[in-house]
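Chain by chain, the residues run as shown.
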Amino acid sequence: MAAPTYDTVHVDDLLPELSLPPVNRTALALFAGASGDHNPAHIDIDVARASGMPDVFAQGMLGMAWLGRLLTNWAPQSQLRKFDVRFAGITHLGNAITCTGRVAEKLDHNGERCVRVEISSANQFGQVKIVGAALIALP
Amino acid sequence: MIDRKWIGHQVGQSTLVIERGRLKFFAKAIGETNPIYLDEGAAEAAGYADLPAPPTFVFAAELDSSTMFALFDQLGVPLGKVLHGEQGFEYFAPVVAGDTVTVTSLVKDIYDKRGGALEFVETESTAINQRGETVATMRGVTVVRN
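Residues numbered from 1 in each chain as written. Chains lettered and ligands numbered in written order. Predicted model: local features only at pLDDT ≥ 70, side-chain atom pairs only at ≥ 80, totals over all residues.

K.L.:
Explain the overall build of chain A to me, using residue names and the numbers behind them.
P.N.:
The number of helices and strands found in chain A is three helices and five strands. Its helices and strands in sequence order give chain A the pattern β-α-α-α-β-β-β-β, from N to C terminus. Each of the three principal axes of chain A carries a C-alpha extent, and together these read 55 × 30 × 25 Å. Counting every position in chain A, which comprises 139 residues, the buried fraction comes to 40%. Within chain A, counting contacts between residues at least 6 apart in sequence, those at least 24 apart form 65% of the total. (Helix = DSSP H or I, 4+ residues; strand = E, 2+ residues; numbered from the N terminus. Buried ≥ 20, exposed ≤ 12 C-beta atoms within 10 Å, placed from the backbone. Contact = placed C-beta atoms within 7 Å.)

K.L.:
Report on the nonpolar core, specifying residues and quantitative values.
P.N.:
Residues Trp66, Leu67, Leu70, Leu71 and Ile136 of chain A together with Val58 and Val101 of chain B are the most contacted members of the largest nonpolar core, which totals 74 residues. At nine residues, the largest contribution of residues to this core is made by helix H3 (residues 60-74) of chain A. When sequence neighbours within four positions are dropped, the list of residues in contact with Trp66 of chain A reads Leu18, Leu20, Ile97, Cys99 and Ser121 of chain A together with Ile30 of chain B. (Core = buried A, V, L, I, M, F, W, Y, C linked by C-beta atoms within 7 Å.)

K.L.:
Can you lay out the pairing of strand E2 (residues 80-87) of chain A for me, pointing to particular residues and giving the numbers?
P.N.:
Relative to strand E5 (residues 128-137) of chain A, E2 of chain A is paired through seven bridges, and the arrangement is antiparallel. Along E5 of chain A, the bridge assignment pairs Leu80 of chain A with Ile136 of chain A. Bridge count between E2 of chain A and strand E2 (residues 82-91) of chain B: five bridges; the pairing is antiparallel. Bridge pairing in E2 of chain B links Arg86 of chain A to Glu86 of chain B. (Pairing = 2+ DSSP bridges.)

Right, dumping it as structure tokens:
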């Protein structure tokens, strides 16, 4: 797919979706090590249960990293200016996440032509896990 | 309840050397398939000086040095009670393998909702590289379940 340009992109255009395999314990362990998030609630079921959770659950930043992939699959990372999310729900083991994005606005930001993209991720049951927005400069 | 005296508190600095091996490990952990994050040659062909750090990677600096975990310890908040509420990045320059990134953070605000059942700790961070250039700023909100 050709990289998007300001003139060829339109409001309401959808970014190509990114679908992930179901979350398993291995994924959480690898992300703990790679990201530096060693909070045991994500990798040690005993700690998770002691804090009132039924089991370990995904690091929020794993879900945000997947949304980052959605964005950089669409436009080069060097054009990414802002990336903001709100974590709306816990991603549990077995959740298969799909990341989506929609061009919401074309605008000028610090003299650059940009688009604001609304992004979200949800599991296979349609439960929303993350909502947010990104500002991307386009040539 | 968290003592509001911590609003304005400067969290210790964290320095992270951006290593190729760590970036490839991170790329594997997030299922990355785009070759510019996995192969130095592809990264250079795309105009990067070396493998680029993905958009959320710089967040690792504070986690690696444990300054954020130490902060919650100081605040008297057990890690088992925290959830990530919000996270934001603004980008000013690329971060690539070989860079050294230093992150400085402060506690921007602490507030509560539902009569204190939920407390929110908002932090602001600035990441600079070895040339003193600001590469990114970050804003985070951590939710404490009381």
